[in-house]
Amino acid sequence: MVQCFLRHSFPHDPIRSQESVGITHNFLNSSPCFLSKDSCNLASPILVQLDRGSLNIARPYGLLKPTALSKIPGRFQLHQEALPHLPVPPLQQTLDRYLLALQPIISEEELNHTQELVAEFRKPGGVGERLQKGLERRAKKTENWLSDWWLKTAYLEYRLPVVVHSSPGVVLPKQDFLDRQGQLRFAAKLIEGILDFKTMIDNETLPVEYLGGKPLCMNQYYQILSSCRIPGPKRDSIVNYAKGKKQSRHITVVHNFQFFELDVYNSDGSPLTTDQLFIQLEKIWNTSLQTNKEPIGILTTNHRNSWAKAYNNLLKDKTNKESVRTIEKSICTVCLDAPMPRVSEDIYKSRVAAQMLHGGGSRWNSGNRWFDKTLQFIIAEDGSCGLVYEHAPSEGPPIVALLDHIVEYTKKPELVRSPMIPLPMPKKLRFNITPEIKNDIEKAKQNLNIMVEDLDVKVMVFHQFGKTFPKSEKISPDAFIQLALQLAYYRMYGHVCATYESASLRMFRLGRTDTIRSTSVESLKFVQSMDSPDKSDQEKADLLRRATQAHRQYTDMAIRGNAIDRHLLGLKLQAIEDLVSMPELFMDTAYAVAMHFNLSTSQVPAKTDCVMCFGPVVPDGYGICYNPMDEHINFAISAFNSCADTNAARMAHYLEKALLDMRILLQSTPKSKL
């Protein structure tokens with residue numbers, strides 16, 4: 001329970017979109033700027049999403065030719081240095097907004113007690129003012145006062161397994177493979193698409209994204225390839241091999257629990273073509289047909305402290321160390337999965353979501369992974385495909401931008417048949433399994449299988465309408481969906497709860513996320529009125545509109561660096577750093593309730609018809625991610641079977657009803673001028 005409690009402040013951070021604010025791209029070498037109709041932003045393991053509709057980032061057709069870095073020095077760095085620093089919000093403003101955020105979720109008696117603690121904390125010359133000054137000093141001497149703290153607190157010091165508890169998965173549309181060759185050809189094309197995107201990163205020709213006319217931090221794009229998490233006894237670390245003289249030239253391919261180093265560049269530096277990659281993948285397939293190998297990758301699914309011990313033990317052997325380093329240094333991992341047992345069409349997508357998150361357990365594909373790797377693309381024989389990513393280096397948006405690029409790339413026809421120069425055999429990575437390592441694998445299998453059995457995932461495609469409907473009512477699609485989640489939860493449980501939605505802070509240098517608190521005084525008034533016979537439809541519709549406006553205002557406040565959650569966290573961490581006693585404000589029951597996110601949500605808009613998924617962040621909560629398309633909405637809902645009070649399918653049912661009831665309400669009432 002202690003571990004679960006620590007996690008409360010840090011839900012997943014998939015995405016958030018800003019509707020009416022266009023995100024534009026501009027090439028760092030001052031190519032023209034492309035404006036998109038919709039806009040969208042993503043968030044990370046703490047789910048901060050920003051949303052106002054969905055944000056589809058426009059990209060130029062085709063790719064720029066690689067440009068020598070010497071010609072345009074430091075474009076990325078110049079862009080980054082021009083971005084503003086994340087502000088430290090005014091203390092009194094945050095404390096007032098904190099009390100407002102508590103109103104819907106705690107009793108009047110608890111609120112009165114917290115008001116006394118806040119009054120004490122905010123006294124002139126008191127502890128609050130001293131901690132605020134410490135934060136302001138920190139802000140002056142760092143690039144971003146929050147980013148290092150956030151990385152450590154939300155990710156690297158988080159000790160639960162990354163599987164389910166931290167790493168999000170993405171379910172891509174099913175592919176129709178006629179045979180094994182179809183699977184390998186698609187994998188080859190996907191790899192070529194990854195390398196195509198990598199060229200833009202390497203040459204710093206990635207389009208800069210804009211939100212509301214303001215450029216966004218692009219740093220996360222430079223962290224997602226050639227990077228890996230390394231387990232540590234108390235805190236993990238991240239290594240990145242994208243920079244420096246010896247850049248990664250290979251990917252890792254896993255098949256039947258066996259790992260291979262696949263060089264993806266020719267000797268002249270040009271990337272391998274789809275034809276060449278296909279031949280190399282066939283070689284890998286044909287030399288890894290045995291299905292009785294030890295699933296060494298399953299070690300990465302364990303509790304971080306246990307994995308750190310097993311990792312040090314594993315690396316005592318020179319061969320094992322070389323193999324592990326090869327995986328860590330690779331650009332990314334491609335997992336060629338065995339098919340899952342056939343299931344009915346209605347639960348197929350839910351099964352694939354689980355497959356992306358954890359691999360199905362030790363009997364299936366969980367050993368066909370290295371979960372510490374930032375990016376793992378998964379392609380199964382039966383056409384199921386997607387990815388899972390380690391959350392520490394990046395929020396959702398760069399991942400989805402990469403995915404959109406790859407999906408479009410796989411649709412392109414082959415223009416040139418490449419000459420078949422003989423290529424060396426991909427190197428199989430060897431592991432010496434001692435009895436101690438075998439024992440570590442068995443323990444990891446047991447723990448993983450418990451997690452797999454405990455995770456309840458439901459993917460729901462809501463077909464009745466998409467983001468076009470709320471837009472036609474001049475309502476932010478994200479606010480509309482968030483309000484439907486509030487209504488669904490209230491109808492299920494008779495009360496509202498602390499709700500987390502990720503908001504992107506990428507307007508600022510090295511910005512990550514903050515929290516949009518979707519449960520508000522206004523949302524509570526609406527959900528209480530919705531099934532009340534004492535209110536007219538017009539009154540209910542007006543309350544609905546007011547609640548969506550309040551959500552939008554909170555979103556705008558959050559993306560401009562004025563939300564409350566990261567500021568409160570900063571004050572708490574400043575107290576720890578200053579070695580002062582923890583202020584009572586942070587020991588208060590109300591603070592624990594506010595940080596216990598029963599609803600951890602994220603909007604992750606994408607051009608591709610996909611959906612991101614992640615686990616709940618508290619034992620009695622839900623993880624809910626959604627991708628609003630024009631005429632439908634993809635939802636992924638997760639819960640834990642070990643909690644008798646939560647059920648993903650039941651939440652999906654109530655959510656569907658809430659969305660439909662809200663549409664009927666708006667359609668049956670004239671738009672009033674609020």
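Reading guide: rules and limits
Residues numbered from 1 in each chain as written. Predicted model: local features only at pLDDT ≥ 70, side-chain atom pairs only at ≥ 80, totals over all residues. Heavy atoms only, no water. UniProt positions renumbered as here; feature names shortened; annotations may be inferred. Helix = DSSP H or I, 4+ residues; strand = E, 2+ residues; numbered from the N terminus. Buried < 20%, exposed > 50% of the residue type's maximum accessible area, 1.4 Å probe, protein only. Areas by Shrake-Rupley, 256 points an atom, 1.4 Å probe, with all protein chains shown as cover. Pairing = 2+ DSSP bridges. Contact = heavy atoms within 4.5 Å. Axes fitted to C-alpha atoms, helices over the stretch in contact; angles between N-to-C directions. Parallel < 35°, antiparallel > 145°, perpendicular 65-115°, else oblique. Left-handed = near helix turned anticlockwise from the far one by under 90°. Nonpolar A, V, L, I, M, F, W, Y, C, P; charged D, E, K, R; others polar. Salt bridge = Lys/Arg side-chain N within 4 Å of Asp/Glu carboxyl O. pLDDT = per-residue confidence, 0-100. Expected span 1.5 Å × (residues − 1). Core = buried A, V, L, I, M, F, W, Y, C linked by side-chain atoms within 4.5 Å. Phe/Tyr/Trp six-rings, centres within 6.5 Å; stacked < 30°, edge-to-face > 60°.

Identification of the chain as Carnitine O-acetyltransferase from Buteo japonicus is taken from an unreviewed UniProt entry. Its UniProt record gives the chain a comment under Subunit (unreviewed entry), which states: "Monomer." Entered under Sequence similarities (unreviewed entry) in the UniProt record, the comment concerning the chain runs "Belongs to the carnitine/choline acetyltransferase family."

Peer 1: It is not clear to me how the overall build of the chain should be interpreted in this structure. Could you clarify?
Peer 2: Helix and strand counts for the chain stand at 20 helices and 22 strands. Among the 674 residues that make up the chain, the fraction classed as buried is 62%. By element, 53% of the accessible surface of the chain is carried by carbon and sulfur atoms, the whole surface being about 26200 Å².

Peer 1: What am I meant to see in the UniProt feature "binding site: CoA" (unreviewed entry) in the chain here?
Peer 2: Under the UniProt annotation, "binding site: CoA" (unreviewed entry) lies at K467, K471, S472, E473, K474, I475, S476, P477, D478, S504, R552 and Q603. Residue position: K467 is located in the loop between strand 16 (455-462) and helix 14 (468-472). Exposure remark for K467: the relative accessible area of 3% places this residue in the buried category. Relative to the elements of secondary structure, I475 occurs in the loop between helix 14 and helix 15 (477-493). Since its relative accessible area comes to 3%, I475 is described here as buried.

Peer 1: Would you take a moment to explain the sheet that holds strand 20 (residues 611-613) for this structure?
Peer 2: Across a sheet, paired strands are connected by hydrogen bonds in the backbone, their directions being either parallel or antiparallel. Across the sheet, which stays open at both edges, the eight strands sit in the order 15-11-10-12-13-14-5-20 with mixed pairing between neighbours. The two strands at the open ends of the sheet, each matched to only one other strand, are strand 15 (427-428) and strand 20. As defined by bridge partners, strand 10 (residues 250-255) adjoins strand 11 (residues 258-263) across six bridges and the pair is classed as antiparallel. Along strand 11, the bridge assignment pairs I251 with L262. The strands touched by helix 7 (residues 180-202) are strand 10, strand 12 (333-337), strand 13 (375-380) and strand 14 (385-389); relative to strand 13, the strand with the most contacts, the crossing angle is about 160 degrees. Relative to the sheet, helix 10 (residues 318-329) contacts strand 10 and strand 11, its axis offset from that of strand 10 by approximately 115 degrees.

Peer 1: So what exactly am I meant to see when it comes to the packing of helix 3 (residues 91-102) against helix 18 (residues 565-577) here?
Peer 2: Two quantities define a packed helix pair, namely the angle between the axes and the distance from one axis to the other. Where helix 3 meets helix 18, the closest approach of the two axes is 10 Å, and the angle between their N-to-C directions is 115 degrees. Here helix 3 is positioned roughly perpendicular relative to helix 18, judged by the angle of their axes. Along this stretch, helix 3 crosses helix 18, giving a crossing that reads as left-handed. In this structure, helix 3 uses L91, T94 and Y98 to contact helix 18, whose residues at the interface are H567, L568 and L571. Tallied by class, residues from the contact of helix 3 with helix 18 come to four nonpolar, two polar and no charged.

Peer 1: Looking at this structure, I do not really get the pairing of strand 11. What am I missing?
Peer 2: On a regular strand, each side chain points to the face opposite its neighbour's, so the side chains alternate between the two faces of the sheet. Hairpin remark: strand 10 followed by strand 11, antiparallel, with two residues in the connecting loop; positive phi at N256, about 50 degrees. In the sheet, strand 11 pairs with strand 15 via two bridges, with the strands oriented antiparallel. When the bridges of strand 15 are listed, F260 appears paired with K428.

Peer 1: Sorry if this is basic, but what is going on with the pattern of salt bridges here?
Peer 2: When charged atoms on two side chains of opposite charge get close, those side chains can pair. If you walk through the whole model with that rule in mind, you get 30 salt bridges. A salt bridge links R506 to E209; the nearest nitrogen and oxygen atoms lie 2.9 Å apart. Highlighted residues: R506 in the loop between strand 17 (499-504) and strand 18 (513-517) and E209 in strand 6 (residues 207-211), separated in sequence by 297 residues. Like R506, the residue E209 is buried in the burial classification. Here the salt bridges do not stand alone but share partners, grouping R159, R229, D236, R304, D372 and E390 into one network.

Peer 1: For this particular structure, what's the right way to read the UniProt feature "binding site: (R)-carnitine" (unreviewed entry) in the chain?
Peer 2: If you check UniProt for "binding site: (R)-carnitine" (unreviewed entry), the listed places come out as Y500, S502 and T513 in our numbering. Along the chain, Y500 turns up in strand 17. With relative accessibility at 0%, the residue Y500 sits in the buried group. Mapped onto the fold, T513 is located in strand 18. Overall, the relative accessible area of 0% leaves T513 in the buried class.

Peer 1: Whenever I open this one, the sheet that holds strand 16 confuses me. Can you help?
Peer 2: If you trace the six strands from one edge of the open sheet to the other, you get 16-22-21-19-17-18, paired in mixed fashion. The open sheet has two edge strands, strand 16 and strand 18, and neither has a second partner. The average undirected angle you get between the axes of adjacent strands in this sheet is 25 degrees. Both strand 21 (residues 622-628) and strand 22 (residues 633-640) contribute to a ladder of six bridges, which runs antiparallel. Counterpart to C625 in the pairing with strand 22 is A636. Strands strand 17 and strand 18 of the sheet are contacted by helix 17 (residues 537-559), whose axis makes an angle of about 165 degrees with strand 18.

Peer 1: Explain the confidence of the model for the chain to me, please; I cannot follow it from the model alone.
Peer 2: Residues shown with low pLDDT carry predicted positions that ought not to be read at fine detail. For the chain, mean pLDDT is 87; residues scoring 70 or higher make up 88% of the total. Model confidence for the chain, summarised as mean pLDDT per element, is weakest for strand 3 (residues 33-35) at 27 and strongest for helix 15 at 98. Scored below 50 in pLDDT, residues 1-11 makes 39 contacts in the model with residues more than four places away or belonging to other chains.

Peer 1: Explanation requested: helix 11 (residues 345-358) in the structure shown.
Peer 2: Helical periodicity: at 3.6 residues per turn, an α-helix aligns residues three or four positions apart in one direction. Helix length check: helix 11 (14 residues) gives 21 Å between terminal C-alpha atoms against 20 Å at 1.5 Å per residue, within 8%. For helix 11, the set of buried residues is Y348, S350, V352, A353, A354, Q355, M356, L357 and H358.

Peer 1: What is the right way to look at the nonpolar core in this model?
Peer 2: Nonpolar side chains tend toward joint burial in soluble globular proteins. Residues Y98, F526, Y622, F635, M651 and L655 are the most contacted members of the largest nonpolar core, which totals 95 residues. For M651, the contacting residues outside a window of four places in its chain are A488, Y489, M492, L599, Y622, I624 and I637. Core analysis: the next-biggest nonpolar cluster, separate from the first, contains 58 residues, V170, I331, V400 and I406 among them.

Peer 1: Looking at this structure, how should I read the pairing of strand 10?
Peer 2: Taken across its six residues, strand 10 has six buried, putting it largely inside the fold. Alternating residues of strand 10 divide into H250, T252 and V254 and I251, V253 and H255, and every residue in both groups is buried. Alignment of strand 10 against strand 12, held across four bridges, turns out to be parallel. Of the residues in strand 12, the one forming a bridge with V253 is V334.

Peer 1: Whenever I open this one, the packing of aromatic side chains confuses me. Can you help?
Peer 2: For any pair of aromatic rings, the description consists of the separation of the ring centres together with the inter-plane angle of the planes. Per the stated rule, a full pass over the model turns up 17 aromatic pairs. Relative to Y493, the ring of Y489 has its centre 4.5 Å away and its plane inclined at 40 degrees; by these criteria the two rings are tilted. With Y489 and Y493 both in helix 15 and four residues apart, the pair spans about one turn of that helix. A residue is classified by how much of its surface remains accessible, and Y489, at 5% relative accessible area, is buried.

Peer 1: What is the right way to look at the packing of helix 3 against helix 4 (residues 108-121) in this model?
Peer 2: Where helix 3 contacts helix 4, the axes come no closer than 11 Å and their chain directions differ by 175 degrees. Regarding the angle of helix 3 to helix 4, the classification is roughly antiparallel. Residues L91, L95, Y98, L99 and L102 of helix 3 form the contact with helix 4, whose own contacting residues are L111, T114, Q115, V118 and F121. Taken together, the residues of the contact of helix 3 with helix 4 sort by class into eight nonpolar, two polar and no charged.

Peer 1: Explain helix 18 to me, please; I cannot follow it from the model alone.
Peer 2: The end-to-end C-alpha distance of helix 18 is 18 Å, a good match for the 18 Å that 13 residues give at a rise of 1.5 Å each. Where burial is concerned, most of helix 18 is hidden: ten out of the 13 residues are buried. Listed as buried for helix 18 are D565, R566, H567, L568, L569, G570, L571, L573, Q574 and A575. Of the residues one or two after helix 18, L579 is the one with positive phi, at around 60 degrees.

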